[in-house]
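Below are the chains, spelled out letter by letter.
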Amino acid sequence: MAERPEDLNLPNAVITRIIKEALPDGVNISKEARSAISRAASVFVLYATSCANNFAMKGKRKTLNASDVLSAMEEMEFQRFITPLKEALEAYRREQKGKKEASEQKKRDKDKKTDSEEQDRSRDEDNDEDEEKLEEEEQNEEEEVDN
């Protein structure tokens, strides 16, 4: 756990970016207001985490999951956030699935390339061996002719 209360605050850069995205162009915000929003956001995250943890503990789990967070939102009476959160969760899962599939495809392509290279090397080795055998046979034939 954090040793100082300041350690619990969200990064200022993140808060500033969120604020800028939420406000119309040309609207500025004072340092005090940004600090207040940052503290409020930190308190909200801590409270939501605590509520979600209660649901995990009821389920005799140590790991919070998405359903714990959604249940916490409902318990905190933030029902209007549940649908957007579910949509964001589904989008995140689709993105992760796409990344996983792309990674697996890349691995399969790499394996195919490696297999193909190994087959080429094996063929080259076989050809080299055949050439060596032919050379030996030719030398043997020449020696027989000389004898």
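Coordinates for the structure precede this section.
Here's a quick rundown of the structure. Predicted model only: the values in this text are computed from it and were never measured.

1. Topic: the pattern of salt bridges
Here's step 1: Applying the stated rule across the entire model yields three salt bridges.
Here's step 2: Among the ionic pairs, arginine 93 bridges to glutamate 90, the shortest N-O distance being 3.5 Å. With arginine 93 and glutamate 90 both in helix H4 (residues 79-146), this residue pair falls three residues apart, about one helical turn.
Here's step 3: Arginine 93 sits in the partly exposed class, given a relative accessible area of 45%.
Here's step 4: Classification of glutamate 90 as partly exposed rests on a relative accessible area of 38%.
Here's step 5: A salt bridge links glutamate 95 to lysine 99; its shortest N-O distance comes to 3.4 Å. Placement of both glutamate 95 and lysine 99 in helix H4 is noted, with a separation of four residues, approximately one turn of the helix.

2. Details of a negative patch on the surface
Here's step 1: Together, Asp124, Glu125, Asp126, Asp128, Glu129, Asp130, Glu131, Glu132, Glu135, Glu136, Glu137 and Glu138 give the surface a local cluster of negative charge.
Here's step 2: For glutamate 136, the location among the structural elements is in helix H4.

3. Brief notes about a nonpolar patch on the surface
Here's step 1: A contiguous nonpolar surface patch, about 210 Å² in accessible area, is contributed by Val69, Phe81 and Leu85.
Here's step 2: You can see valine 69 is positioned in helix H3 (residues 66-75).

4. What about unusual backbone geometry?
Here's step 1: Unusually for a residue other than glycine, lysine 60 sits at a positive phi of about 55 degrees.
Here's step 2: Inspection of the secondary structure assignment puts lysine 60 in the loop between helix H2 (31-58) and H3.
Here's step 3: Here glutamate 77, not a glycine, exhibits a phi torsion of approximately 65 degrees, which is positive.
Here's step 4: Note that glutamate 77 resides in the loop between H3 and H4.
Here's step 5: By relative accessible area, glutamate 77 is classed as exposed at 65%.

Conventions we followed
Residues numbered from 1 in each chain as written. Predicted model: local features only at pLDDT ≥ 70, side-chain atom pairs only at ≥ 80, totals over all residues. Heavy atoms only, no water. Salt bridge = Lys/Arg side-chain N within 4 Å of Asp/Glu carboxyl O. Helix = DSSP H or I, 4+ residues; strand = E, 2+ residues; numbered from the N terminus. Buried < 20%, exposed > 50% of the residue type's maximum accessible area, 1.4 Å probe, protein only. Patch = residues over 30% accessible without salt bridge, like charges linked within 9 Å, V, L, I, M, F, W, Y side chains within 5 Å. Areas by Shrake-Rupley, 256 points an atom, 1.4 Å probe, with all protein chains shown as cover. Lys, Arg positive; Asp, Glu negative; His and termini not counted. Charge placed at Lys NZ, Arg CZ, Asp CG, Glu CD.

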